[in-house]
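Summary of structural features
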Amino acid sequence: MLNKISYERYVNENKGNRVEFRLTNFDYYDGIDYLAKLFCEKYGMRADEKVEGIFFDFIILHFDDDKYVLMWHEDIGTLIYVLNQSICGTAQLEAQLSAVVQEINSSL
């Protein structure tokens, strides 16, 4: 049986107290590509091309005036955060992420 995917709100003190949402049980090859696709289909976002690094990959998602950074890092896993860290943008992202995670879990 597959474990349900979840996320945790995390305050990254090493990045100026940036609020991040870290996904757990989301160990999929090209997982951020799949998440970007779901966000774009469900919320009409636009995704930039994926930037691939040695230890991380990321995709910038555009939603209204906000930019979301969707990232995979080899030490942390998959995470997403609002670039400008606005309170409204972070709350909006959390609601959207919750719905996307629920959609993924319902298909497991």
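The paragraphs below set out a description of the structure included in this document. What you see is a predicted model, and the numbers here were worked out from it, not measured in a lab.

**Thoughts on the pairing of strand S5 (residues 56–63)**
- Burial analysis of S5 places six of its eight residues in the buried class, the great majority of the element.
- Bridging between strand S3 (residues 46–47) and S5 involves two bridges; their strand directions are antiparallel. Looking across to S5, one finds that Ala47 is bridged to Leu61.
- With two bridges connecting them, strand S4 (residues 51–52) and S5 associate as antiparallel partners. Bridge pairing in S5 places Val51 opposite Phe58.
- Between the antiparallel neighbours S4 and S5 lie three residues.
- Taken together, the eight bridges between S5 and strand S6 (residues 66–73) define a ladder with antiparallel strand orientation. Its bridge partner lying in S6, Phe63 is registered against Asp66.
- Linkage of S5 to S6, two consecutive antiparallel strands, is achieved through a turn of two residues, within which Asp64 is found at a positive phi near 50°.

**Regarding the pattern of salt bridges**
- As enumerated under the stated definition, the model contains eight salt bridges in all.
- As a salt-bridge pair, Lys50 and Asp30 come within 3.2 Å of each other at their nearest N and O atoms. You can see Lys50 sitting in the loop between S3 and S4 and its partner Asp30 sitting in the loop between strand S2 (18–24) and helix H1 (31–43), a full 20 residues away along the chain.
- Where Lys50 meets Asp33, a salt bridge forms, and the shortest distance between an N and an O atom there is 2.8 Å. Remark: Asp33 occurs in helix H1 and Lys50 occurs in the loop between S3 and S4; sequence separation between them is 17 residues.

What counts, and at which threshold
- Residues numbered from 1 in each chain as written.
- Predicted model: local features only at pLDDT ≥ 70, side-chain atom pairs only at ≥ 80, totals over all residues.
- Heavy atoms only, no water.
- Buried < 20%, exposed > 50% of the residue type's maximum accessible area, 1.4 Å probe, protein only.
- Helix = DSSP H or I, 4+ residues; strand = E, 2+ residues; numbered from the N terminus.
- Pairing = 2+ DSSP bridges.
- Salt bridge = Lys/Arg side-chain N within 4 Å of Asp/Glu carboxyl O.

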